[in-house]
Amino acid sequence: MARPKQIKPPTAAEAKAKKERISAEKKALVALYKNVPSNKEKLAEKLIDRASFLIVSLAELEDFINNNGYVEFYQNGSEQWGTKKSPQAELYTYWSKMLPATIDALAKLMPENSKLPDDSINAFIQGKKK
């Protein structure tokens, strides 16, 4: 059975492009959450950083899964082999649960009189920024 493909680390250009995409997502989130009270800004900034990373990374994982599938073959010894969920699919599952929780934590930092419309959060998560 063939050995699984090695995942290559990103090139400098790819890493730079990812940082730029994260920065763009962060800018969009900062605009959405500009009304966070000043005593909660540091927490909001950390949550925005986390959400920005998750949004970009989930998109990358989606591309990987679409191109390579969500299962991989494995072989342990000469007799034991099969398929299992790929590490990328595992990570996607875990991070896709973290993103809504992070966005929800951000929404809870907002003052009650300036809540975001429900559809703006959902549109943002789905990539349909208004």
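Before reading on, note that the structure itself is shown above.
None of the values given here were measured: they were computed from a predicted structure.

Participant: Lay out the overall build of the chain with the relevant residues and their values.
Facilitator: Summing up its helical and strand segments, the chain has four helices and two strands in all. Moving toward the C terminus, one meets the helices and strands of the chain in the order α-α-β-β-α-α. Taken across its 130 residues, the chain has 28% of its residues classed as buried. Looking at the chain alone, contacts between residues at least 24 apart form 67% of all its contacts between residues at least 6 apart. Of the accessible surface of the chain, which amounts to about 9,500 Å², a share of 54% is contributed by carbon and sulfur atoms.

Participant: Hey, could you go over helix α1 (residues 12-32) for me, with residue numbers and the actual values?
Facilitator: Here α1 spans 30 Å end to end across 21 residues, near enough to the 30 Å set by a 1.5 Å rise per residue. For α1, the complete set of buried residues consists of K18, I22, E25 and L29. Buried residues of α1, viewed axially, fall in a sector of 65°; they line one side. Set apart from the buried face of α1 by more than 90 degrees, the exposed residues are A12, A13, K16, K19 and K27.

Participant: Explain the nonpolar core to me, and be specific about the residues and the numbers.
Facilitator: It is characteristic of soluble globular proteins that their nonpolar side chains tend to be buried jointly. Within the largest apolar cluster, 17 residues are counted, with the highest numbers of intra-cluster contacts made by L29, Y33, V36, L99, I103, L106 and L109. Elements represented by at least two residues in this core include exactly α2 (41-68) and α3 (87-109). Ranked by residue count, the leading element in this core is α2, at eight residues. Ignoring anything within four residues of it in the chain, the contact list for L109 reads V36, P37, K40, L43, A44 and L47.

Participant: Help me get a handle on the pattern of salt bridges, residues and values and all.
Facilitator: For the coordinates displayed, the defined rule picks out five salt bridges. Residues E60 and R21 are paired through a salt bridge, measuring 2.7 Å at the closest nitrogen-oxygen approach. Of this pair, E60 sits in helix α2 while R21 is found in helix α1, placing the two residues 39 residues apart along the sequence. Of the residues examined, E60 reaches a relative accessible area of 31% and is grouped as partly exposed. The partner of E72 in a salt bridge is K84, with the nearest N and O atoms 3.8 Å apart. With E72 in strand β1 (residues 71-76) and K84 in strand β2 (residues 80-85), the pair connects residues that are twelve residues apart, well separated along the chain. In this structure, a network of salt bridges that share partners links the residues K18, R21 and E60.

Participant: I'd like a rundown of the pairing of β1, residues and numbers included.
Facilitator: Here β1 runs beside β2; their pairing, made up of six bridges, is antiparallel. Its bridge partner being in β2, N76 is matched across the sheet by Q80. The hairpin formed by β1 and β2 contains three residues between the paired strands, and G77 there has a positive phi angle of roughly 75°.

Participant: Let's hear about the side chain of S57: which residues, and what values?
Facilitator: Within the secondary structure, S57 sits in helix α2. A residue is classified by how much of its surface remains accessible, and S57, at 1% relative accessible area, is buried. Those residues in contact with S57 that sit more than four places away from it in its chain are K18 and W95.

Participant: Tell me about the packing of aromatic side chains, and name the residues and values.
Facilitator: As enumerated under the stated definition, the model contains one aromatic pair in all. Residues F53 and W95 carry aromatic rings whose centres are separated by 5.2 Å and whose planes lie at 75° to one another, so their mutual orientation is edge-to-face. Of this pair, F53 sits in helix α2 while W95 sits in helix α3, and the two are 42 residues apart along the sequence. Judged by its relative accessible area of 16%, W95 is buried.

The rules behind the values
- The residue numbering used here restarts from 1 in each chain and proceeds along that chain's sequence as written.
- Under the rules for a predicted model, residues below a pLDDT of 70 receive no local features and side-chain atom pairs below 80 are neither given nor counted, while totals for whole chains, interfaces and linings still include all residues.
- Each side-chain value is worked out from all heavy atoms of the structure, with water and hydrogens disregarded.
- Where helices and strands are cited, they refer to DSSP runs of H or I of at least four residues and of E of at least two residues respectively, numbered from the N terminus.
- A 1.4 Å probe rolled over the protein chains alone gives each residue an accessible area, and that area as a share of the maximum for its type sets the label: buried under 20%, exposed over 50%, partly exposed in between.
- Contacts between residues were defined by any pair of non-hydrogen atoms, one from each residue, lying within 4.5 Å.
- Each accessible area is a Shrake-Rupley result for a 1.4 Å probe, and residues are judged covered by the shown protein chains and nothing else.
- Here a helix's expected span is defined as the number of its residues, less one, multiplied by 1.5 Å.
- The directions considered for the arc run from the helix axis to the C-beta atoms.
- Definition used in this section: a nonpolar core is a set of buried Ala, Val, Leu, Ile, Met, Phe, Trp, Tyr and Cys residues joined via side-chain atoms within 4.5 Å.
- Salt bridge, as applied in this entry: a Lys or Arg side-chain nitrogen positioned within 4 Å of an Asp or Glu carboxyl oxygen.
- For two strands to count as paired, DSSP must find a minimum of two bridges between them.
- Side-chain rings of Phe, Tyr and Trp (the six-membered ring for Trp) are treated as a pair once their centres are within 6.5 Å; stacked means planes under 30 degrees apart, edge-to-face means over 60, and tilted covers the remaining angles.

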